[in-house]
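Examination of the molecular architecture
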Amino acid sequence: MAFKNIIMEKKDGIGTIKINRPQALNALNKDTILELSKAVDELGNDDKIKVAILTGKGKAFIAGADIKQMSTMTPLEAKEFAEMGHGLLMKIENSRLPFIAAINGYALGGGCEVLMACDICIAAKSAKLGQPEINLGIHPGFGGTQRLPRLVGRMKAKELLLTGRNIDADEACSIGLVNSTVEDEKLMETVNKIAGRISEKSKVQTDFIKSLVNKGVDIDLNSACSLEISYFASGFSTNDQKEGMKAFLEKRKPVFKGK
Ligand code: CAA
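Residues numbered from 1 in each chain as written. Predicted model: local features only at pLDDT ≥ 70, side-chain atom pairs only at ≥ 80, totals over all residues. Heavy atoms only, no water.

Considerations on the packing of helix α9 (residues 203-216) against helix α10 (residues 221-235)
Remark: α9 packs on α10, axes separated minimally by 10 Å, with the N-to-C direction vectors making an angle of 170°. What the angle tells us is that α9 and α10 run roughly antiparallel. Here Gln205, Phe208, Ser211, Leu212, Lys215 and Gly216 of α9 lie close against α10, whose contacting residues are Ala224, Leu227, Glu228, Tyr231, Ser234 and Gly235. Class assignment of the residues belonging to the contact of α9 with α10 gives a composition of 5 nonpolar, 5 polar and 2 charged. (Axes fitted to C-alpha atoms, helices over the stretch in contact; angles between N-to-C directions. Helix = DSSP H or I, 4+ residues; strand = E, 2+ residues; numbered from the N terminus. Parallel < 35°, antiparallel > 145°, perpendicular 65-115°, else oblique. Contact = heavy atoms within 4.5 Å. Nonpolar A, V, L, I, M, F, W, Y, C, P; charged D, E, K, R; others polar.)

Comments concerning the site of the ligand
Close to the ligand lie 23 residues; Lys59, Ala65, Gly110, Glu113 and Glu133 are nearest. The backbone of alanine 63 places a nitrogen or oxygen atom 2.9 Å from a nitrogen atom of the ligand. Burial of the ligand by the protein chains amounts to 62% of its free accessible area of 990 Å². Of all the secondary-structure elements, those providing two or more residues to the shell around the ligand are α2 (67-70), β6 (106-108) and α4 (110-117). Tallied by class, the residues present in the shell around the ligand amount to 14 nonpolar, 5 polar and 4 charged. (Near = heavy atom within 4 Å. Polar contact = N/O pair within 3.5 Å; in protein donor to acceptor, adjacent residues only side chain to side chain. Areas by Shrake-Rupley, 256 points an atom, 1.4 Å probe, with all protein chains shown as cover.)

Notes on the domain arrangement of the protein chain
Parsing the protein chain into structural domains produces domain 1 (6-199) and domain 2 (203-249). Inter-centroid distance (C-alpha atoms) of domain 1 to domain 2 is 27 Å. Each side of the interface is counted separately: domain 1 has 14 residues, and domain 2 has 6 residues. Of the roughly 770 Å² buried at the junction of domain 1 and domain 2 (both faces included), carbon and sulfur atoms supply 44%. The largest share of the area that domain 1 buries against domain 2 comes from Lys50, Glu93 and Arg96, three residues that together contribute 52% of it. The salt bridge involving arginine 96 is made with aspartate 207; its shortest N-O contact spans 2.9 Å. Taken together, the connections running from domain 1 to domain 2 amount to 8 residue pairs in polar contact (both at pLDDT 80 or more). Its residues assigned to classes, the side of domain 1 that touches domain 2 comprises 6 nonpolar, 1 polar and 7 charged. (Domains from an automatic or database assignment. Buried area = accessible area lost by both parts, 1.4 Å probe. Salt bridge = Lys/Arg side-chain N within 4 Å of Asp/Glu carboxyl O.)

Given below as structure tokens:
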């Protein structure tokens, strides 16, 4: 489908979604959330796509939910808006595809919340991240009060949420909010390299790993380990397991079909 607020590209098993509202620093209004939702579905339903990249055009990844649109919302409209945002983030988190966030600039409020729903996050050195909602007299509405403490711990999360202080990419990396930082001009090259590496793996297994980690952290260790055992066993019904082990024994590179 044709999109207005995003650009989607598919190449060599990698689907790239670029948010394209640079005039509003890629702020998430309802239309953009809907388009992102459709794009995530489309990539997830495309057998040829193995991994997705999410990034922004211009000087922002996403500067938050759209403040102009939110400024006149009633409590009911705010609830519906928050539900839309949560729906999108759950869709990314529950997608069978690994999502890599390429943080090209501001990732604030809803933008920081989007990156926390992704699986790997690489930030340009000049990026700024944070949850500044408190400065607007609100708190995060797309999962920031929940995913941030799960990622960086309660104390650090509360400090960032309560002060509304934005942090630079290196600090974000030091607290575990992003995986690594790179020089600005190297961002897409680095992210594409990681995506390319993942795209060569078994799609069954990238899906299993994402799902096991996401499900496992929210349940007790015994149940989580049982889940791993059952996924491990079902992996042995796939061609990819046979191919991976055969290739090892034959001292060649495996060719995975995702089956
Ligand atoms: N919503 C709507 N428009 C936004 C926006 C946002 N979140 N962030 C930036 N813009 C718009 C600005 O209004 C401006 O538009 P105009 O040219 O029409 O005035 C344009 O983008 C460029 O922005 P600035 O002129 O402010 O750019 P700057 O370089 O001086 O500052 C910035 C950049 C520090 C990121 C600043 O724009 C800013 O503080 N933005 C808001 C960040 C924020 O508070 N995000 C949280 C939003 S609330 C939220 O996300 C709630 C939730 O959890 C669901």
